[in-house]
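Structural overview
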Amino acid sequence: MGWLFYTDRRVQTYADEKAEITRLCTSHGDTRKTELVKACKVGSTWYAAARFTNLDGTPVEDTTYVTDADGSITFGAVFLTRYDDGCWGYKDMEESAGPVESRAPLILLALLSELKDPDSYAQDWRQRCRDWAAIPDYEEGDKIRLATPVTLTDGSTCQIVTATHYRRGRQNRRCYRIEETGGLVRLSRASLAGSELLSSAKGAASPVLAEFLAGQGG
């Protein structure tokens, strides 16, 4: 399915978006109903858990999902969203269709029904979500080995870095000191996937940043 934009601009706020995601995940047919169980927004992407239930109370039979004890099945859905000239739009995809965006919170994954095929697209998507959630939130002074070297804009690479920060206005921004050169670099969360903590050094100040700045002054 492609993108669908609302040209009437009725969706403008977070609350508007959540209400629309709820509406899209809710339906009542002659034999079955669908209802939203939970929705979470990560960046510009909405992740949803939606439940199928047969109106006559019989268990839902499905080739992808194992029926839950109450006779229903709950599946995951991904809604890519963006604004174009003030108009909100979305592109939706069910988890078994192989969505690329995979940052659904663990609390949402826990609501989903078990899968029958361990090698399905949905199983792969859920694992990528778990892998994303498992990326550590490193603290000031932590020394880290990245799973694979990161190539920088000048063509050089780095793999061992130390977590620090720099100040921009009133905010502290996370950055990392490169072990090989002492330079500072910003790293995306994705580049920290599979990384290893080599040593930990907790502290409110930033000794690595102070060392870097002292070297620059010399």
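Look above for the structure.
Read on for an overview of the structure.

The rules we used
Residues numbered from 1 in each chain as written. Predicted model: local features only at pLDDT ≥ 70, side-chain atom pairs only at ≥ 80, totals over all residues. Heavy atoms only, no water. Helix = DSSP H or I, 4+ residues; strand = E, 2+ residues; numbered from the N terminus. Expected span 1.5 Å × (residues − 1). Buried < 20%, exposed > 50% of the residue type's maximum accessible area, 1.4 Å probe, protein only. Arc of directions from axis to C-beta. Contact = heavy atoms within 4.5 Å. Phe/Tyr/Trp six-rings, centres within 6.5 Å; stacked < 30°, edge-to-face > 60°. Salt bridge = Lys/Arg side-chain N within 4 Å of Asp/Glu carboxyl O. Pairing = 2+ DSSP bridges. Axes fitted to C-alpha atoms, helices over the stretch in contact; angles between N-to-C directions.

A look at helix α3 (residues 121-133)
Helix length check: α3 (13 residues) gives 19 Å between terminal C-alpha atoms against 18 Å at 1.5 Å per residue, within 8%. A122, W125, R126, C129 and W132 are the residues of α3 that are buried. Looking straight down α3, one finds that the buried residues subtend no more than 120 degrees of arc, so they occupy a single side. Check the buried side of α3 and you find it contacts β4 (45-54), β5 (73-84) and α2 (106-109).

Structural notes on the packing of aromatic side chains
Scanning the entire structure with this criterion turns up eight aromatic pairs. A ring pair is formed by F52 and F75, whose centres lie 5.2 Å apart and whose planes are at 35 degrees; its orientation type is tilted. Separated by 23 residues along the polypeptide, F52 in strand β4 and F75 in strand β5 bring together distant segments of the chain. By relative accessible area, F52 is classed as partly exposed at 22%. Aromatic side chains W88 and Y90 sit 5.8 Å apart centroid to centroid with 35 degrees between the ring planes, which places their arrangement in the tilted category. As far as the burial class goes, W88 and Y90 line up, both buried. Taken together through their ring pairs, the aromatic side chains of Y6, F79, W88 and Y90 make up a single cluster.

Digging into the pattern of salt bridges
Tallying each qualifying case throughout the model produces 12 salt bridges. With its nearest N and O atoms 3.8 Å apart, the salt bridge here joins E35 to R51. Of the two residues, E35 sits in strand β3 (residues 32-42) while R51 sits in strand β4, which places them 16 residues apart along the sequence. The exposure class assigned to E35 is partly exposed, which follows from its relative accessible area of 28%. Take R51: its relative accessible area is 26%, and that puts it in the partly exposed class. Each member of the salt-bridge network shares a partner with another, and the members are D8, R10, E20 and R23.

Quick look at unusual backbone geometry
The backbone of R9 sits at a positive phi, close to 60 degrees, despite the residue not being glycine. Mapped onto the elements, R9 comes out in the loop between β1 (4-5) and α1 (14-24). Of note, D85 is a non-glycine position whose phi angle comes to about 55 degrees, a positive value.

Observations concerning the sheet that holds strand β6 (residues 87-94)
Taken in spatial order, the six strands make up an open sheet running β1-β6-β5-β4-β3-β2, and their pairing is antiparallel. Two strands close off the open sheet at either side, each with one partner strand: β1 and β2 (27-28). The pairing of β2 with β3 spans two bridges and is antiparallel. For S27, the partnering residue across the bridge sits in β3 and is T34. Contacts from α1 reach β3, β4, β5 and β6, with the element oriented near 30 degrees to β4.

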